[in-house]
Amino acid sequence: MNTRQQAIGVFDSGVGGLTVLRALMQALPGESFVYLGDTARLPYGTKTAATVQRYAARAAQFLVQHGVKALVVACNTASAAALPALREHYAHLPVLGVIEPGAASAVAATRSGRIAVLATESTVAGGAYVQAIQALRPQAPVQSLACQLFVALAEEGWVDGEVALAAAHRYLDPLFATAHNRPDVLLLGCTHFPVLAPVLSQVVGADVAVVDASHAVAAALRAVLTERDLLSGAASATAPLLLATDGLARFARVGSTFLGQPLAVTQVQLVDL
Ligand code: DGL
């Protein structure tokens, strides 16, 4: 049997979902992964929901044709816009998104219930996080901030230094610079944002928990693979297959920060959706 038939498919608009892939690889070292970054269409976060649904459908179809045994939508924007449709279309496969695990992580971390969600314009406009958090903690005062510039900073690799710091102050000070009703949790509702976590934490202060969905997604994936008897028996890790729809050199250069390991351009393959 082709080993890649045993792989787990993971996709995002770009390198952001590599923050999720990193957590999945740590939690499930025996699994093999195929990661697709749809860099030709990035950003998803400024597009309408209908367009994101179309892009997500193509990315998912590509991975399913590749023979994956499960699909992880490692993009909040695509999860918010397209997860129900993807789950319905690929009912035979486990299809996981990042919104519900992210909401659960934020709810577990908050004491006051005041949660700030940083996400793309599209994710904020759709209200998916407010819904998911309030399903777990009704009436929780959730404030969502569209921080689209963080996607560009992350894709540029400008994850620290004065530009990242100035952008973080500009987005976050209105919510966090007052002593009154400050959120106690900052939920990173975009998979590009974890690489900015140190700067964000510096701006909001050490009393605010900065959380993202990646570890909760890994736990949910492990649970569903176990339940469906789909866990790989392999003892050791194989390198993930990395695919991108444009800009392989940029993907490798910036992606290494997101994945937490060096990436050579020869490790990334160009595909067309
Ligand atoms: N990384 C994606 C997310 O989690 C979207 C970034 C973008 O393409 O705008 O929402």
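Our structure is the block above this text.
A few points on the structure. (Residues numbered from 1 in each chain as written. Predicted model: local features only at pLDDT ≥ 70, side-chain atom pairs only at ≥ 80, totals over all residues. Heavy atoms only, no water.)

Counting residues in hydrophobic clusters, the biggest one holds 56 residues, and the most contacted among them are Phe-150, Leu-186 and Leu-221. Per element, the largest residue contribution to this core is 6 residues, and it comes from helix H8 (residues 162–176). Contacts of Leu-221, omitting those with residues within four sequence positions, involve Ile-8, Leu-24, Leu-28, Phe-33, Ala-70, Val-72 and Leu-96. Core analysis: the next-biggest nonpolar cluster, separate from the first, contains 29 residues, Val-68, Leu-71, Ala-81 and Val-271 among them. (Core = buried A, V, L, I, M, F, W, Y, C linked by side-chain atoms within 4.5 Å. Buried < 20%, exposed > 50% of the residue type's maximum accessible area, 1.4 Å probe, protein only. Helix = DSSP H or I, 4+ residues; strand = E, 2+ residues; numbered from the N terminus. Contact = heavy atoms within 4.5 Å.)

Think of a sheet as strands paired side by side through backbone hydrogen bonds, with each pair either parallel or antiparallel. An order of S6-S5-S7-S8 is seen for the 4 strands of this open sheet, with the pairing classed as parallel. Single-partner strands in this sheet number two, and they are strand S6 (142–146) and strand S8 (209–211). Pairwise comparison of adjacent strand axes, ignoring direction, gives a mean angle of 20° for this sheet. Here 5 bridges tie strand S5 (residues 115–119) to S6, and the two strands are oriented parallel to one another. From the neighbouring strand, Ile-115 faces S6, where its bridge partner is Val-142. Of the strands in this sheet, S5, strand S7 (185–188) and S8 touch helix H4 (residues 99–109), which is tilted by about 165° from S7. Packed onto the sheet, helix H9 (residues 197–204) meets S5, S7 and S8 and runs at close to 155° relative to S7. (Pairing = 2+ DSSP bridges. Axes fitted to C-alpha atoms, helices over the stretch in contact; angles between N-to-C directions.)

Turning to the packing of H4 against helix H6 (residues 128–136), a few remarks are in order. It is at 9 Å that the axes of H4 and H6 come closest, and there the two elements cross at 55°. What the angle tells us is that H4 and H6 run oblique. Considering only the axes of H4 and H6, their crossing is right-handed. Contact with H4, carried on its side by Ile-99, Gly-102, Ala-103, Ala-104 and Val-107, involves Ala-128, Tyr-129, Ala-132, Ile-133 and Leu-136 of H6 and no other residues of that element. Looking at the contact of H4 with H6 residue by residue, the class counts come to 9 nonpolar, 1 polar and no charged. (Parallel < 35°, antiparallel > 145°, perpendicular 65-115°, else oblique. Left-handed = near helix turned anticlockwise from the far one by under 90°. Nonpolar A, V, L, I, M, F, W, Y, C, P; charged D, E, K, R; others polar.)

This part takes up the sheet that holds strand S4 (residues 95–96). The strand order S4-S3-S1-S2-S9-S10 describes an open sheet built from 6 strands, whose pairing is parallel. Edge positions in the sheet fall to S4 and strand S10 (268–270), since each of these pairs with one other strand and no more. Here strand S2 (residues 33–37) runs beside strand S9 (residues 241–244); their pairing, made up of 4 bridges, is parallel. What sits directly across from Val-34, in S9, is Leu-241. Of the strands in this sheet, strand S1 (8–12), S2, strand S3 (70–73) and S9 are in contact with helix H1 (residues 18–27), which crosses S2 at around 170°.

So, about the state of the cysteines. Evaluated as defined, the whole model comprises 0 disulfides. Free cysteine Cys-75: the closest other cysteine sulfur is in Cys-190, separated by 6.8 Å. Cys-147 takes part in no disulfide bond, and the closest cysteine sulfur, belonging to Cys-190, lies 9.2 Å away. (Disulfide = S-S within 2.5 Å.)

Attention now moves to the pattern of salt bridges. Across all of its chains, the model carries 4 salt bridges by this definition. Note that Glu-156 and Arg-250 form a salt bridge whose closest N and O atoms lie 3.3 Å from each other. One end of the pair, Glu-156, is in helix H7 (residues 148–156); the other, Arg-250, is in helix H11 (residues 248–259), and 94 residues separate them in sequence. Residue classification places Arg-250 among the partly exposed positions, given a relative accessible area of 33%. (Salt bridge = Lys/Arg side-chain N within 4 Å of Asp/Glu carboxyl O.)

For the rest of this paragraph, the subject is the site of the ligand. Around the ligand there are 14 residues in total, and Ser-13, Tyr-44, Asn-76, Thr-77 and His-192 lie nearest to it. Within the contact set of the ligand, a nitrogen atom lies 3.0 Å away from a side-chain nitrogen or oxygen of Asp-12. At 2.8 Å from an oxygen atom of the ligand is found a main-chain nitrogen or oxygen belonging to Gly-45. Contact with the protein chains removes 100% of the 300 Å² of surface that the ligand exposes when unbound. The set of elements that each furnish at least two residues to the shell around the ligand consists of helix H3 (76–89) and H7. When the residues that make up the shell around the ligand are grouped by side-chain class, the tally is 5 nonpolar, 8 polar and 1 charged. (Near = heavy atom within 4 Å. Polar contact = N/O pair within 3.5 Å; in protein donor to acceptor, adjacent residues only side chain to side chain. Areas by Shrake-Rupley, 256 points an atom, 1.4 Å probe, with all protein chains shown as cover.)

Okay, the layout of surface pockets next. Taken as a whole, the largest pocket spans an internal volume of roughly 210 Å³. In terms of lining residues, the largest pocket is bounded by 13 residues, among which Ser-79, Leu-83, Ile-99, Glu-100 and Ala-128 are the most central. Of all elements in the fold, only H3, H4 and H6 reach the threshold of two or more residues within the lining of the largest pocket. Across the lining of the largest pocket, the residue classes break down as 7 nonpolar, 4 polar and 2 charged. Looking at the second largest pocket, its volume works out to about 150 Å³. Looking at which element gives the most residues to the lining of the second largest pocket, the answer is H1, with 4 residues. Partitioning the lining of the second largest pocket into residue classes produces 4 nonpolar, 5 polar and 2 charged. (1 Å grid on protein atoms, 1.4 Å probe; cavity = no way out; pocket = protein on both sides within 12 Å on 5 of 7 lines; lining within 4 Å. Points joined across faces, edges and corners; volume = space filled by probe spheres on them.)

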